[in-house]
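What follows is the residue order along each chain.
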Amino acid sequence: MANYLQDTRKVTTHRLTEMKQRGEKIAMLTAYDYSMAHLIDEAGMDVILVGDSASNVMAGNMTTLPITLDQMIYHAKSVVKAVKRALVVCDIPFGSYQGNSKEALASAVRIMKESHAEAVKMEGGSEIRESIERVLCAGIPVMGHLGLTPQSINKFGTYAVRAKEEAEANKLIEDAKMLEEIGCFALVLEKIPATLATRVAQEVSIPVIGIGAGGGVDGQVLVMHDMLGINKGFSPRFLRRYADLSTIINDAVAHYIDDVKTNDFPNDKEQY
Ligand code: KIV
């Protein structure tokens, strides 16, 4: 059995820093409900992100923008109940922290109080510095998120790779250092060139978790539905599929329908 599977101690923000220091990669995956969170935690995941990607994969929206704070708290509550070991981080959704820092704090406090998640994630750099600082001041751990920030999709106009140009790359490096300086415990870098992500991971002391940011960072995150092959319509270059659950589920459901229609199910042993 791998060493990391034997280590059943609760993952904390402090332990993630130690993992970076000793060069142990951090595994992070999204979850939105009790049953999947239970399986993912049992498998030995370090960090479970209750991502606002729930808006896409759970609610069927085109973007992450429509999901509400109440809905995020509902998902986070379900996840927290299942998790024993992983650190549970919950996204603060679009529109509930950008307006002003008081609103940001109120949203983060609701997430912590009502869901019992252990940290929040906020998208953006210098533009939302005041909001992040206010949340941090309340003792709430914050994970930053730079690069492709899906809550800003209407500003970007596309889900293409970010920070390819020097000016945007320099701003991203500055933002990453600022997030480290003000006290964020970790940082997600989404869909940026691998060389830039590697440089950021080398230049900041906090763990840098990548998605579409190459292997030179301190850990990786994927959306559970994508990596398990539940959501087959999404296949960016950075995605590795570890299962083909859509085929497995389709076959199982078709089999069940067939058994019901042909009166094969239930049989004599499957009744009272
Ligand atoms: O919401 C989410 O799933 C995320 C990950 C893609 C990092 O923010």
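Note that the structure is predicted; figures quoted are calculated from it, not measured.

> I'd like a rundown of the site of the ligand, residues and numbers included.
As a matter of local geometry, the ligand sits amid Thr30, Leu49, Gly51, Asp52, Ser53, Asp91, Lys121, His145, Ile211, Val221 and Val223. Side-chain polar atom of Ser53 to an oxygen atom of the ligand: 2.5 Å apart, as the coordinates give it. Asp91 has a polar side-chain atom sitting 3.1 Å from an oxygen atom of the ligand. Protein burial of the ligand: of its 260 Å² of free accessible surface, 95% is covered by the chains. Classifying every residue of the shell around the ligand by side-chain character gives four nonpolar, four polar and three charged.

> Explain the environment of Leu29 residue by residue, including any values.
Along the chain, the position of Leu29 falls in strand β1 (residues 26–30). For Leu29, a relative accessible area of 5% puts it in the buried group. Sequence separation of Leu29 and Asp46 is 17 residues, and the distance between their C-alpha atoms is 8.5 Å. Setting aside anything within four residues of it in sequence, one finds Leu29 in contact with Ile40, Met45, Val47, Ile48, Leu49, Val221, Leu222, Val223, Met224 and Met227.

> Residue-level account of the sheet that holds β1, with values.
Strand pairing in a sheet relies on backbone hydrogen bonds, with the paired strands running either antiparallel or parallel. Pairing within the closed barrel is parallel, and its eight strands lie in the order β1-β2-β3-β4-β5-β6-β7-β8. This sheet shows a mean twist of 25 degrees between the axes of neighbouring strands, independent of strand direction. Pairing of β1 with strand β2 (residues 47–50) involves three bridges; the strand directions are parallel. Bridge pairing in β2 places Leu29 opposite Ile48.

Thresholds, definitions, all that
Residues numbered from 1 in each chain as written. Predicted model: local features only at pLDDT ≥ 70, side-chain atom pairs only at ≥ 80, totals over all residues. Heavy atoms only, no water. Near = heavy atom within 4 Å. Polar contact = N/O pair within 3.5 Å; in protein donor to acceptor, adjacent residues only side chain to side chain. Areas by Shrake-Rupley, 256 points an atom, 1.4 Å probe, with all protein chains shown as cover. Nonpolar A, V, L, I, M, F, W, Y, C, P; charged D, E, K, R; others polar. Helix = DSSP H or I, 4+ residues; strand = E, 2+ residues; numbered from the N terminus. Buried < 20%, exposed > 50% of the residue type's maximum accessible area, 1.4 Å probe, protein only. Contact = heavy atoms within 4.5 Å. Pairing = 2+ DSSP bridges. Axes fitted to C-alpha atoms, helices over the stretch in contact; angles between N-to-C directions.

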